[in-house]
Amino acid sequence: MPLPRILASAATTALRTAIPTTRSLGPTVLFTQRHQTLRHCSSGNMATAQRREQPPWTRPESSAPLPPLSIYNTLTRQKDPFVPLDKSGKKVTWYCCGPTVYDAAHLGHARNYVTTDIVRRIMRDYFGFNITFVQNVTDVDDKIILRARQQHLFEEYKAANPKITPEVLSATEKAWTAYFTKIAKADEGDLTTVPSTFEAWATRKHEPLMALIHKELAGESVEGELLDEDASKLKMHLNTLFMASKALQTPPTSAEEFYGTCSSVLLPYIDSLNKDRTYEPAVFSKLSRYWENHFNEDMATLNVLPPTTVTRVSEFIPENVAFVQKLVDRGYAYPTADGSVYFDIAAYEAAGHHYAKLQPWNRGDQSLIADGEGALTSDKASTLPTSDSSLPAKKKADQDFALWKASKAGEPSWESPWGQGRPGWHIECSVMCSEVLGGEIDIHSGGIDLAFPHHDNEIAQSEAYWDGCASHATADGRHQWINYFLHMGHLKIHGSKMSKSLKNFVSVRKALERGGGWTPRMLRIVFLQGGWKDGIEVREGVLSAAKSWETAVNKFFTNVKALVTEETAAQAAGTHIPQPWTKLEADLSKELDSTREKLDAALCDSFNTPLAMQLLVDLISTTNIYMSSTTNLALVKEIARWITRITTIFGLDNNSSPDRIGWTSEESSTGNAEEIAMPYLRLLSSFRDSVRALGISDSKSDSAKELLRLCDKLRDIDLADLGVSLDDRDSANALIKFVPAEELRAAREEKERKAAEREQKKEEARLKREEEERKKQEQAKVDPVTMFRTEEWSEWDEQGIPTKDKEGEEITKSRKKALTKAWEQQKKKFEAYQKTVQK
Ligand SMILES: [Zn+2]
């Protein structure tokens, strides 16, 4: 992947320098240090420093024997010893925030779910915990509602208008103007612009972005051009308007093509014409089901274990209503006049609870809060008819968040004591987690961007709901819902996180399809080589580091497997295999023990997979050195088995699932394809060895040459295409290896390329020789008597050797000597030539 280049719009640059928290702290403070610095900020226009400290965390206790595992806990921002609530210390409850299903999963999602899977597999398969893993699917959400409704209306419109009529063109022009007005307003543009003048306007105002758009249209690669948030959004809008303006000026003959080009301007416009429509629930569920399946397929491709239980919010509506009702009853929530319900942060804190336990320094950040509330919330709800004038018209405080949203026309809704509505985003996790796992949970996880407000709001709702039900005393006397909060680091591209709203995302499928070395295993190796809670930067170096790790492990497995197969065959043939135990073996054994200890310590240290990955390749190098000096495989096999076990725990083997159901039949041939093929391959290979030996012993004869050619073809083409490699050896049978066919083909092509290169060089040399020969012959045709008859000289003797130069000067003796020598040489050549002519 080429290194992406960031193209920032002027707007974003201005925005960046205007971030008040960084600017007020002076230019030396880095953005990433923001929260730490704020915690020590004593006064000013912020809330008091005390409110920004994380509250005390209560450490769970247990008398059960536990591994010395510590986990970095966002609730304390340090590594805490892991103690499950279960008395036996075996059972672990875990809730993970799942996807909002309205679009394709991108690499940022892959980062989150694959990394979560790595941690989950280590806890389950290395530490041996029995994990109940619950993950939700957000299938009721503002983004889903908008996307589904607009798509539905557009399909309807296309069916009613199968041809591009003047009416359709006129409607599209209106849609175009509405879209342009929205964009240009934000851009302080010239609102008299129409489709025919758009290109001139856009080129004047946004030259670099338009240049990029033209480049894309011309089919040139812009993969390296990476835009920041504002620039990429603007580029998307300009592109939409540009393409639609062209379609409006010269409508394509196909209606399908016209609608395809203009869909982005038509979607919001048609939606705005249908304000008071109501829809069947299927309109919304069709979209979310499609993307949920799509997500599950991607996760299976990435070898992510499925959750124990998936909870969909659409299947937990009554539970959501009951949960919200209890919060209202307890005085922690209040309905507003429009039929929405909000969480009352002031009441919650007045009761002795701490709000925003995870990121107290972010409370009050309106952009984060607005993002969590969704595009269809805001104060628009207050325009609904009020049912009770004694209720507040809108939420009491900016920081309060929606638990239940009154649904407007065109939005899905369910019955509730407050009228038709739907659950807010944060409440669903509290409800479904509580339903399945109860009021005290060991682990909750999600991407780091969910920490505030989503997770902080989940904690507030749940601790308000469950308060008084705790089985343990806590530091602040209030309920502690989650003991360990784990947040996965982001995938970053040049410092900005990859996300849908940033439009810098690459879908999981696209990334895997376009090759360039990205495979599910390669992605997982990249994530394992980075810490789970740290951000990962997509750079070329990251991929090559992962590739070299994979190659080292692959080579090791392939070699050991080939040698073991050979040894097994020898054993079966009655050969006695010696197993010496010398200093070599003692040293290697010590190395294995110490690597095991270090890897255990690394995994206990909050799943330090980068160190674990390094330890594995270090052990492989040591073992490779050992293998170069002995044929003893006993310890090598032990090491290979252990490395296989650890890489399988890390989820690096997509095909050896520890999660399959059932066992294979006793009668059926057991083992994998390699084991089944091996006896036949061995037979074929040993037959080839004999034929080849025969060919070599009589390499002059034509039939022997033909035999050797057939042996090469079997090795280089037929078996290579089947994923089998034969390494010919001087003093032994060929070593049989299973290597991916693509790899062998690539090696063959490389070999052929080199051979062709050699052949070409040879041919060039031959042509050069021929040319020299031809020149020599031409030269030989010259009679020595005439050879010096040129303007360079003025007098010659009878043999044609010059005596005076062109100025009439006598030539020197030495010169004369040299000329005579050349004359004699030419005479010899000439005579030889004459002889061949006479023949
Ligand atoms: Zn959640």
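About the thresholds
- Residues numbered from 1 in each chain as written.
- Predicted model: local features only at pLDDT ≥ 70, side-chain atom pairs only at ≥ 80, totals over all residues.
- UniProt positions renumbered as here; feature names shortened; annotations may be inferred.
- Helix = DSSP H or I, 4+ residues; strand = E, 2+ residues; numbered from the N terminus.
- Buried ≥ 20, exposed ≤ 12 C-beta atoms within 10 Å, placed from the backbone.
- Contact = placed C-beta atoms within 7 Å.
- Pairing = 2+ DSSP bridges.
- Axes fitted to C-alpha atoms, helices over the stretch in contact; angles between N-to-C directions.
- Expected span 1.5 Å × (residues − 1).
- Arc of directions from axis to C-beta.
- Parallel < 35°, antiparallel > 145°, perpendicular 65-115°, else oblique.
- Core = buried A, V, L, I, M, F, W, Y, C linked by C-beta atoms within 7 Å.
- Right-handed = clockwise from strand over helix to strand, strands pointing away.
- pLDDT = per-residue confidence, 0-100.

Per an unreviewed UniProt entry, the chain goes by the name cysteine--tRNA ligase and belongs to Pyronema omphalodes. UniProt, in the comment section headed Cofactor (unreviewed entry), describes the chain in these words: "Zn(2+)".

### A closer look at the overall build of the chain
When helices and strands are counted, the chain shows 26 helices and 20 strands. Looking at the chain as a whole, 32% of its 839 residues are labelled buried. Residue pairs in contact within the chain that sit at least 24 positions apart in sequence constitute 72% of those at least 6 positions apart.

### Examining the sheet that holds strand β7 (residues 309–312)
Read across the sheet, five strands follow the order β7-β5-β4-β12-β13 without closing on themselves; strand pairing throughout is parallel. Of all strands in the sheet, those with a lone pairing partner are β7 and β13 (482–488), marking the two edges. Taken over all neighbouring pairs, the strand axes of this sheet differ in orientation by 25° on average, direction set aside. Sheet topology places strand β12 (residues 441–447) next to β13; six bridges connect them, and they run parallel. Its bridge partner lying in β13, G447 is registered against M488. Here helix α4 (residues 107–126) sits on the sheet in contact with β4 (91–96), β5 (130–137), β12 and β13, set at roughly 135° to β13.

### Focus on helix α12 (residues 317–329)
With 13 residues, α12 extends 18 Å between its outermost C-alpha atoms, agreeing within 8% with the 18 Å of an ideal straight helix rising 1.5 Å per residue. What α12 keeps buried is the set N320, V321, F323, V324 and L327. One side of α12 holds all its buried residues, which, seen down the axis, span an arc of 165°. The outward face of α12, more than 90 degrees from its buried face, is lined by the exposed residues P318, A322 and D329. If you follow the buried residues of α12, they end up packed against β8 (333–335), β9 (341–343), β10 (402–406), β11 (421–423), α15 (425–437) and α16 (451–466). Two residues or fewer after α12 comes G331, characterised by a positive phi angle close to 85°.

### Digging into the packing of helix α20 (residues 583–604) against helix α21 (residues 609–627)
Closest axis-to-axis distance for the α20/α21 pair is 9 Å, and the angle between their directions is 175°. Judged by the inter-axis angle, α20 sits roughly antiparallel to α21. Contacts from L584, L588, E591, L592, T595, K598, L599, A602 and L603 in α20 reach L611, A612, L615, L619, T622, T623 and Y626 in α21.

### Structural notes on the sheet that holds β9
Here we have four strands laid out as an open sheet, ordered β8-β9-β10-β11, and antiparallel in their pairing. Each edge of the sheet is formed by a strand with only one pairing partner; in this case those strands are β8 and β11. Ignoring strand direction, the axes of neighbouring strands in this sheet form an average angle of 20°. Relative to β11, β10 is paired through three bridges, and the arrangement is antiparallel. The partner of A406 across the bridge, within β11, is G421. On top of the sheet, α12 reaches β8, β9, β10 and β11; it is set at about 105° to β8, its chief contact.

### Overview of the nonpolar core
Core analysis: the biggest nonpolar cluster contains 115 residues, and V324, L327, F343 and L403 have the highest contact counts within it. With nine residues, α4 is the single largest residue contributor to this core. Setting aside residues up to four positions removed in sequence, L403 forms contacts with V324, L327, A333, V341, Y342, F343, G424 and I427. Among the nonpolar cores identified, the runner-up in size contains 27 residues, and L248, L266, L267 and I270 belong to it.

### Side note on the environment of R521
Structurally, R521 is set in helix α18 (residues 520–529). As for R521 and A546, which are separated by 25 residues in sequence, their C-alpha atoms are 9.4 Å apart. Every residue in contact with R521, bar those within four places of it in the chain, is listed here: E550, L652 and N654.

### Examining the pairing of β12
Among the seven residues in β12, seven count as buried, and that is most of the element. As judged from the three bridges shared by β4 and β12, these two strands associate in the parallel manner. Considered in β12, the bridge of C96 is made with S445. With respect to chirality, the unit in which β12 leads through α16 into the neighbouring parallel β13 is right-handed.

### Describing the environment of V691
Here V691 lies in helix α23 (residues 673–697). Taking the number of C-beta atoms within 10 Å as the measure of exposure, V691 has 16 and is therefore partly exposed. If sequence neighbours within four positions are ignored, V691 has contacts with L707 and C711.

### Considerations on the confidence of the model for the chain
In the predicted model, the chain carries a mean pLDDT of 86, and the fraction of residues at 70 or more is 87%. Confidence drops under a pLDDT of 50 for residues 1–50, and excluding neighbours within four residues, the segment shows 55 contacts in the predicted structure. In the predicted structure, residues 378–386 sits below a pLDDT of 50 and forms 13 contacts with residues beyond four places in sequence or in another chain.

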